[in-house]
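# Fold and geometry: a report
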Amino acid sequence: MLDDPIKYGLLAALAIALIIAAITDLKSRKIANWLNGSIALSAPVFWWSSGMPFLPQGATFFEPTSIVMQFALAIVVLLLLTILFAMKAMGGGDVKLLAALALWIAPVAYLQLLVMMALLGGVLTLGFGFWHIMRRQRDKLSIPYGVAISLAGLWTIGTFYMPASAIAGAAG
C-alpha cells in the first residue's frame, strides 16, 4: 500500500509531466520551458516529502541520496549536456528535462535511467529512420528524443520509487 500519499502524489505529477513532455516533443519537437521549470521547481517538495537529508548520511556517498547530491548531479548533467547542445547533438529542451530529472532521481537510478534512455532512443531512432525512408522524405530526419527521456523517466519511477505492493495491486 502507498504509505506516503504526498510523495506518491508528487511522483504521479512527475509521471504526468513526463507524458506531456513526450507528447509535445512528438508533436512539435519542443519541450516547453514552463514544463521543465515545473519539474525542477517541484523537486524540493519531493525532497521534503521523502525526508531527504541535506548532506549525505551513512557509509555510501550515493545511496541514500541527499539534497547536496541531487544538486551536484543536476549541475554535472547540465554542464555536460550543454556541451552536447553547443555541438548541436542535443536539443535544449532535452537538456533541461534531463537536468530537471536529475533533481528528482537518485544518482545510481539516474545512471540506469540514462542507459534505458539510450536503449529507447536507439529504438526510436530506428523507427523514425524506417518511417522516414518508407515515406521517401528527403528532408533532415528529426528525432523527438524527449519521448525516450520521458519513457525512461516513467520506467525509473515505476522501478525505483513505486512500492512493489502498489504495482502488484494495480496489476491484479
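Above this text you will find the structure in question.
Anyway, here's the lowdown on the structure attached to this text.

Turning our attention to the packing of helix 2 (residues 33-50) against helix 4 (residues 92-102). The geometry of helix 2 relative to helix 4 is characterised by a closest axis approach of 8 Å and an angle of 15° between their N-to-C directions. In terms of orientation, helix 2 and helix 4 fall into the roughly parallel class. Where helix 2 crosses over helix 4, the handedness of that crossing is left-handed. Residues Asn-33, Asn-36, Ile-39 and Ala-40 of helix 2 form the contact with helix 4, whose own contacting residues are Gly-93, Lys-96, Leu-97, Ala-100 and Leu-101.

A separate point is the packing of aromatic side chains. Aromatic rings in a pair are described by how distant their centres are and how their planes are angled relative to each other. One pass over the full model with this rule turns up four aromatic pairs. Ring plane angle 70° and centroid distance 5.3 Å describe the contact between Trp-47 and Phe-71, whose orientation is recorded as edge-to-face. Placement of Trp-47 in helix 2 and of Phe-71 in helix 3 (residues 67-86) is noted, with a sequence separation of 24 residues between them. Centre to centre, the rings of Trp-155 and Phe-160 are 5.8 Å apart; their planes meet at 90°, and the pair counts as edge-to-face. Under the relative-accessibility criterion, Trp-155 is labelled partly exposed at 32%. Given the relative accessible area of 36%, Phe-160 is considered partly exposed. Following the ring pairs from residue to residue traces out a cluster consisting of Phe-46, Trp-104 and Tyr-161.

The subject of this paragraph is unusual backbone geometry. Although it is not a glycine, Arg-29 sits at a positive phi angle of roughly 60°. Tracing the chain through its elements places Arg-29 in the loop between helix 1 (5-28) and helix 2. Since its relative accessible area comes to 33%, Arg-29 is described here as partly exposed. Its identity is not glycine, yet Lys-88 carries a phi of approximately 60°, on the positive side. With respect to the helices and strands, the residue Lys-88 is situated in the loop between helix 3 and helix 4.

The rules behind each value
- Residues numbered from 1 in each chain as written.
- Predicted model: local features only at pLDDT ≥ 70, side-chain atom pairs only at ≥ 80, totals over all residues.
- Heavy atoms only, no water.
- Axes fitted to C-alpha atoms, helices over the stretch in contact; angles between N-to-C directions.
- Helix = DSSP H or I, 4+ residues; strand = E, 2+ residues; numbered from the N terminus.
- Parallel < 35°, antiparallel > 145°, perpendicular 65-115°, else oblique.
- Left-handed = near helix turned anticlockwise from the far one by under 90°.
- Contact = heavy atoms within 4.5 Å.
- Phe/Tyr/Trp six-rings, centres within 6.5 Å; stacked < 30°, edge-to-face > 60°.
- Buried < 20%, exposed > 50% of the residue type's maximum accessible area, 1.4 Å probe, protein only.

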